[in-house]
Amino acid sequence: MPDYDALKEILGKTIKGAIVKKNIKGGRPMMSVHLVFSDDTSYEIYTDYNMNFAGGLDNGDMNSVRNYAIAPVGPMENVLDVIVDET
């Protein structure tokens, strides 16, 4: 099972760059996205398949995203749901 909790480490950080990589020899992983933060740390998201990217930003708050592509449209399950404390 993936370590979804590792995503909690990036909440609140400022993204200063992003790098998308593709394995040109078809090996594993096939693609990866690296988010680079202003404190010179980075986080990698990778897959053994081709990755698709949305056409742009979507409007919506946390509740909108929680409800996106779940039944009856889904099936997608929210496996991690965390937010930066905005108070």
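Up top is the structure these notes are about.
Thresholds applied
- Residues numbered from 1 in each chain as written.
- Predicted model: local features only at pLDDT ≥ 70, side-chain atom pairs only at ≥ 80, totals over all residues.
- Heavy atoms only, no water.
- Helix = DSSP H or I, 4+ residues; strand = E, 2+ residues; numbered from the N terminus.
- Rg over C-alpha atoms; globule rule 2.2 N^0.38 Å.
- Buried < 20%, exposed > 50% of the residue type's maximum accessible area, 1.4 Å probe, protein only.
- Contact = heavy atoms within 4.5 Å.
- Areas by Shrake-Rupley, 256 points an atom, 1.4 Å probe, with all protein chains shown as cover.
- Lys, Arg positive; Asp, Glu negative; His and termini not counted.
- Charge placed at Lys NZ, Arg CZ, Asp CG, Glu CD.
- Polar contact = N/O pair within 3.5 Å; in protein donor to acceptor, adjacent residues only side chain to side chain.
- Salt bridge = Lys/Arg side-chain N within 4 Å of Asp/Glu carboxyl O.

A. Main features of the overall build of the protein. Summing up its helical and strand segments, the protein has one helix and three strands in all. Secondary structure elements of the protein occur, N-terminal to C-terminal, as β-β-β-α. For the protein, the C-alpha radius of gyration of 15 Å lies well beyond 12 Å, the compact-globule estimate for 87 residues. Out of the 87 residues belonging to the protein, those deemed buried represent 14%. In the protein, the proportion of contacts linking residues at least 24 apart, taken out of those at least 6 apart, comes to 24%. Surface accessibility of the protein: about 7500 Å² in total, with carbon and sulfur atoms responsible for 54%. A distance of 11 Å separates the average location of the 8 positive side-chain charges in the protein from that of its 13 negative side-chain charges.

B. A look at the environment of Pro29. When you line up the elements, Pro29 lands in the loop between strand E1 (15-22) and strand E2 (31-37). Remark: the alpha-carbon pair of Pro29 and Asn50, spanning 21 residues in sequence, is separated by 9.5 Å. Aside from chain neighbours lying at most four places away, what touches Pro29 is Asn23, Tyr46, Thr47 and Asp48.

C. Fine view of the side chain of Ser32. The topology assignment puts Ser32 in strand E2. Engagement of the side chain of Ser32 in a polar contact is seen with the side chain of His34, the distance being 3.1 Å. Aside from chain neighbours lying at most four places away, what touches Ser32 is Ile19, Val20, Lys21, Glu44, Ile45, Tyr46 and Met51.

D. Main features of the pattern of salt bridges. A complete count under the given rule lists five salt bridges for this structure. Its salt-bridge partner being Lys8, residue Asp5 comes within 3.4 Å of it at the nearest N-O pair. Ionic pairing is found between Asp39 and Lys13, a salt bridge with its closest N-O pair at 2.5 Å. Taken together, the positions of Asp39 in the loop between E2 and strand E3 (42-47) and Lys13 in the segment before E1 put the pair 26 residues apart, joining distant regions of the chain. By relative accessible area, which is 42% here, Asp39 ends up partly exposed.

E. Just the environment of Pro75, in detail. Of note, Pro75 is situated in the segment after helix H1 (62-66). Taking the C-alpha atoms as reference points, Pro75 and Ser42, 33 residues apart in sequence, are found 31 Å from one another.

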